[in-house]
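Structural description and commentary
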Amino acid sequence: MIRVLLAEDMHMVRGALVALLQLEPDIEVVAEAGAGDEIVPLALEHVPDVAVIDVELPGMDGLTATAELRRRLPRCRVLIVTSFGRPASVRRAFAAQASGFVVKDAPPEQLADAIRKVAAGERVVDPQLAVAALETAESPLKPRELEVLRRFAEGEDVEQIAGALFLSPGTVRNYLTAIVATLNARNRLHAVRIAQESGWL
């Protein structure tokens, strides 16, 4: 019997996934999480063989939780499930030591099959996503530029960013101008969207 922890913040989706997996004779859902920061405590309590984790979770995102789970409970393998089949997310998932990556609109039997493969020590990823992940460029932004853009994306204004990073407001504005130019964006908000969709933030 494969013991599974399921982390999904949408109650209806989580309930449907649990119901589908419970129909499988060799899979048992032993724990459910609705937020990223619930994953590691539940995993340590229930010791699942496989954790099925959504990328977009409140509290702590799924990929950060994956890295923490792999550190605290290395024998538990992780299968990332997401509605966003973005190549950069695939790269981040494997960097966090996930064993597999499937999109939510895959057929239900594909999820069960992926859980079995991951539990057996195999890696699972949609072939088209794997190719796209290899072809997608890394971020052209420098680490400090990414930090400035991340803070801007989180709602901090120029003065707040300057204070947090010990920079002058003018320097922060220069960074934001350079970021917009580097990403060929229309404005700062467009730059944020480009970076988010590429998985750089």
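To be clear, the structure that these remarks concern was listed above.
Okay, so let's go over this structure. Along every chain, residues carry numbers that run from 1 in the direction the sequence is written. Reporting of local features is limited, given that this is a predicted model, to residues whose pLDDT is at least 70; pairs of side-chain atoms are given and counted only at 80 or more, and all residues count toward the totals for whole chains, interfaces and linings. The basis for the side-chain values is all heavy atoms of the structure; hydrogens and waters are excluded.

**So, the overall build of the protein**
- Note on conventions: DSSP H or I runs of at least 4 residues are helices, E runs of at least 2 residues are strands, and numbering of each starts at the N terminus. Looking only at helices and strands, the protein has 10 helices and 6 strands in total.
- Residue pairs at least 24 apart in sequence account for 62% of intrachain contacts in the protein once pairs closer than 6 positions are excluded.
- Between the centroid of the 22 positive side chains of the protein and the centroid of its 28 negative side chains there is a distance of 6 Å. Here a residue-residue contact requires only that any non-hydrogen atoms of the pair lie within 4.5 Å. Positive residues here are Lys and Arg, negative ones are Asp and Glu, while His and the chain termini are left out of the count. Where a charge sits is defined by one atom per residue type, namely NZ (Lys), CZ (Arg), CG (Asp) or CD (Glu).

**Quick look at the pairing of strand β4 (residues 77-82)**
- The buried label applies to any residue whose accessible area, calculated with a 1.4 Å probe on protein chains only, is under 20% of its type's maximum; exposed applies above 50%, and partly exposed to all values in between. Within β4, 5 of the 6 residues are buried, which leaves it mostly tucked inside the rest of the structure.
- Strands are treated as partners if at least two bridges between them are detected by DSSP. Note: strand β3 (residues 50-54) against β4, 5 bridges, orientation parallel. Among the inter-strand pairings, Val50 is bridged to a residue of β4, identified as Arg77.
- Crossover handedness is defined here as right-handed if the route from the first strand over the helix to the second strand goes clockwise, with the strands pointing away from the viewer. The handedness of the β3 to β4 crossover, carried by helix α3 (residues 62-72), is right-handed.
- Bridging between β4 and strand β5 (residues 100-103) involves 4 bridges; their strand directions are parallel. By the bridge assignment for β5, Val81 is matched with Val102.

**Examining helix α8 (residues 158-165)**
- Listed in full, the buried residues belonging to α8 are Val158, Ile161, Ala162 and Leu165. Buried residues along α8 cover an arc of 100 degrees about the axis, so they all sit on one side.
- Looking at the buried side of α8, the elements it contacts are α7 (143-153), α9 (169-182) and α10 (188-197).
- Any N or O atom pair separated by 3.5 Å or less is treated as a polar contact, with the protein-specific requirement of one donor-capable and one acceptor-capable atom, and with residues adjacent in sequence counted only for side-chain atom pairs. Of the residues that open α8, the one with a side-chain oxygen 3.2 Å from the backbone nitrogen of Glu159 is Asp157.
- Among the residues trailing α8, Phe166 stands out with phi positive, at a value near 55 degrees. What the arc describes is the spread of directions from the helix axis to the C-beta atoms.

**Section: the side chain of Ser99**
- The residue Ser99 is located in the loop between α4 (87-95) and β5 in this model.
- Look past the residues within four positions of Ser99 in its chain and what remains in contact with it is Arg77, Val78, Phe94, Val118, Glu122, Arg123 and Val124.

**With respect to the nonpolar core**
- Residue types Ala, Val, Leu, Ile, Met, Phe, Trp, Tyr and Cys, when buried and joined through side-chain atoms within 4.5 Å, form a set referred to as a nonpolar core. Counting residues in hydrophobic clusters, the biggest one holds 24 residues, and the most contacted among them are Leu5, Ile39, Ile53, Leu69 and Ile80.
- Of all the secondary structure elements, the ones that give two or more residues to this core are β1 (2-7), β2 (27-33), α2 (39-46), β3, α3, β4 and α4.
- Among the elements that line this core, the one with the most residues is α2, at 4 residues.

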